[in-house]
Amino acid sequence: MFTVVATVLVALPAVAIAGEINLEDKVYGGIYPGYWAEADLDALAGAAGGRATFGGLFHHINENDGGWDNTFWQLDEVWRGKATPFANVIVNGATAASIASGAYDSKINEWASHVETYLNKGGGRSVIIAPLQEANGNWTSYGCDPANFKKAYKKFVDIFRGRGIDETKVRWAFAPNGWTPPGCGKIADYYPGDSYVDVLAFSAYNFGTCFSGASWRSPSWVLDGPINELTAINSTKPIVVLQTAAPKSCSGGSTGGDQAQWARDLFNHLRTKDNVAGFVWFNLQKVESGGVNVDWRIWDGSWVSPGWKDGIQAADYRWPLTDWFKSGPLAISLESGTRPCPSGTCDSAGLIDGGGKWWLWSALSADATINKFYFGNPGDIAFMGDWDGDGVATPGLYRQSDGFVYLRNSNTQGIADITFFFGNPGDYPLVGDFNGNGRDTVSIYRPSEARVYVINELGTDGGGLGAADYSFVFGNPGDSPFVGDFNGDGRDSVGLHRASTGFVYFRNTLTQGNAHLSFFYGNPGDVILAGDWDGDGDDTVAVYRPSTGKIYVNLENSSGVADYTLNVGSFPIAATWGRQ
């Protein structure tokens, strides 16, 4: 049985990682406190009824000139305020090229020594450092130069590592702006690489109507674009919104919305993002571009926003973040729940990236082996089936532009072993064993008619096929079809997923009529898969969520939460394959 789904992004192998953190249904709040951070964080916690997990800071490498120890002081103030410091650091006035050249190595090393003084005070002290934040912006001296930024960023990491400061004390954050101006490329152009980045971060604000041409925007509008871009870079690394806020007031006039409600919505929205750890609120009053004075604060030392109070009381809190500073790479948990098939023969998942590369998981588990090979052209609809009855599913392609089918009988790179024509341009392929003979065939769903055409044989030698063995109407135009043996009788039948509502419908016979079973599963926009995930002989649904790169497996065809989730990364195409 097979389902193909169109989604987004980039491929990542699912491997077991030592330093895993679980972010499911969690959100950590943070804030940029005042200079006397310990007192400020304590007072805010008392007023709001909940503590901030992160304390945001802005540093520059010359801040200790003149014999001062500002770096140590700021970091330790946050730590004593029972929050983990999240430190932005810049080189004032320097270009990315000059930093990359080594001209500032000695000053970076000096700044690192002050960070080390803080770390050496013990007690579990740790820090997350974001070198050269917002480097994809042309408003920074080091901005809009991705090649040199990556070298400059690595200077910070290498200097710290050269001092023996490892990931048990410092985690490194890549922190671009959420929006890249024209001419400066895209966020991915600036990424320094997985071995240099532990946390993905970004800045994004709701400017309201404080500026000409701006509008009040929801947290999802402000944040989801950058979250998706960063997820595309690496879906296993935690994301933190390092700078965000909505205005309480501004000299430009009305803000256009309610800051308190925006804060509530921010907490609630980020909790739904399984790869987002939380955010740090930009709690400052600042004169922005154009001379507009914007008060971003949700806390002024005596008054606290009711939206912050509601959000932080329901938020998660952890200090110290011990699980973030274990040895090894940092990653969000790749799986949760009990593995559906600890032994035996079960279906698994196959995914295809944007370059026509297939990634076949040997099992639904984080330590599965992955078979990778190329087959097909961009734009082909990919699927898998057992074409020769040997019990192994292998690749197939449907080219909607001409209605041709291309099949292989092995999971290896090469040309098609079988080609034939079936259907009309624009049809959607359905793959299954519809007559119970142990072999899959390629049938079609015609979206314009909401009609299924089933045929129980494969074509050969580039020829066409005759009339369908079964033809019936099922569902509404726009529904996404999928195939499975939902009652365990050895014969596949057709299901439909209505992405706009998340409802699943299927019949157990190849006939027209109402659904034999319908239920809600997943979120609008999820894509549907069906398979025998636990080896019990009948197929159940799973959904693939592009925004998280996860498969959510349901072991019963009913509404409810997933029995098992697996982070597989983000791909343009996903398919059920098995039996493994």
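This text follows the structure it describes.
Nothing here was measured: the structure is a model prediction, and the numbers come from that model.

Asks: Please give an account of empty space enclosed by the protein that cites residues and values.
Replies: Inspection of the entire model under this criterion finds one cavity of 30 Å³ or more. In terms of lining, the largest cavity is formed by Asn 22, Leu 23, Glu 24, Asp 274, Ile 332, Ser 333, Leu 334, Glu 335, Ser 336, Lys 550 and Thr 565. Among the residues forming the lining of the largest cavity, the class breakdown is three nonpolar, four polar and four charged.

Asks: Tell me about helix H6 (residues 219-233), and please be specific about residues and values.
Replies: Side chains of residues three or four places apart in an α-helix project in the same direction, reflecting 3.6 residues per turn. An ideal rise of 1.5 Å per residue puts 21 Å on 15 residues; H6 measures up with 21 Å between its terminal C-alpha atoms. Those residues of H6 lying buried are Pro 219, Val 222, Leu 223, Asp 224, Pro 226, Ile 227, Leu 230, Thr 231, Ala 232 and Ile 233. Buried residues along H6 sit against strand S7 (170-174), strand S8 (199-203), strand S9 (239-244), helix H7 (259-271) and strand S11 (276-281).

Asks: An account of the sheet that holds strand S23 (residues 428-432) is needed here, citing residue identities and associated values.
Replies: Through backbone hydrogen bonds, the strands of a sheet pair up, either in parallel or in antiparallel fashion. On the basis of which strands lie adjacent, the open sheet formed by four strands has the order S23-S24-S25-S26 and antiparallel pairing. The sheet is open, and its two edges are formed by S23 and strand S26 (470-473), each paired on a single side. Neighbour-to-neighbour, the strand axes of this sheet turn through a mean angle of 25 degrees, independent of strand direction. Of the pairings in the sheet, the one linking S23 to strand S24 (residues 441-446) comprises five bridges and is antiparallel in character. For Val 431, the partnering residue across the bridge sits in S24 and is Val 442.

Asks: Please provide a residue-by-residue account of the pattern of salt bridges, values included.
Replies: Taken as a whole and assessed by the stated rule, the structure comprises 28 salt bridges. Salt-bridge contacts for Lys 107 lead to Glu 110; the nearest nitrogen and oxygen are separated by 3.4 Å. Pair noted here: Lys 107 and Glu 110 are both in helix H4 (residues 105-119), with a separation of three residues, about one helical turn. Judged by its relative accessible area of 19%, Lys 107 is buried.

Asks: Give me the layout of surface pockets: which residues, what numbers.
Replies: Of the pockets and cavities examined, the largest pocket occupies roughly 970 Å³. Lining of the largest pocket is provided by 32 residues; of these, Glu 134, Trp 139, Asn 177, Tyr 205 and Phe 207 occupy positions nearest its centre. By residue number, the principal contributor to the lining of the largest pocket is H6, which donates four residues. Of the residues assigned to the lining of the largest pocket, the class counts are 15 nonpolar, 13 polar and four charged.

Asks: Any chance you could break down the environment of Asp 534 for me, citing the residues and the numbers?
Replies: Mapping Asp 534 onto the fold places it in the loop between strand S31 (527-531) and strand S32 (540-545). Classification of Asp 534 as partly exposed rests on a relative accessible area of 26%. Considering only alpha carbons, one finds Asp 534 and Leu 555, 21 residues apart in sequence, at a separation of 7.3 Å. Setting aside its immediate chain neighbours within four residues, Asp 534 contacts Pro 340, Cys 346 and Leu 555. Among the polar contacts made by the side chain of Asp 534, one reaches the main-chain amide nitrogen of Asp 536 at a distance of 3.4 Å.

Basis of the calculations
- Residues numbered from 1 in each chain as written.
- Predicted model: local features only at pLDDT ≥ 70, side-chain atom pairs only at ≥ 80, totals over all residues.
- Heavy atoms only, no water.
- 1 Å grid on protein atoms, 1.4 Å probe; cavity = no way out; pocket = protein on both sides within 12 Å on 5 of 7 lines; lining within 4 Å.
- Points joined across faces, edges and corners; volume = space filled by probe spheres on them.
- Nonpolar A, V, L, I, M, F, W, Y, C, P; charged D, E, K, R; others polar.
- Helix = DSSP H or I, 4+ residues; strand = E, 2+ residues; numbered from the N terminus.
- Expected span 1.5 Å × (residues − 1).
- Buried < 20%, exposed > 50% of the residue type's maximum accessible area, 1.4 Å probe, protein only.
- Contact = heavy atoms within 4.5 Å.
- Pairing = 2+ DSSP bridges.
- Axes fitted to C-alpha atoms, helices over the stretch in contact; angles between N-to-C directions.
- Salt bridge = Lys/Arg side-chain N within 4 Å of Asp/Glu carboxyl O.
- Polar contact = N/O pair within 3.5 Å; in protein donor to acceptor, adjacent residues only side chain to side chain.

Geometric values such as these leave the question of function open.
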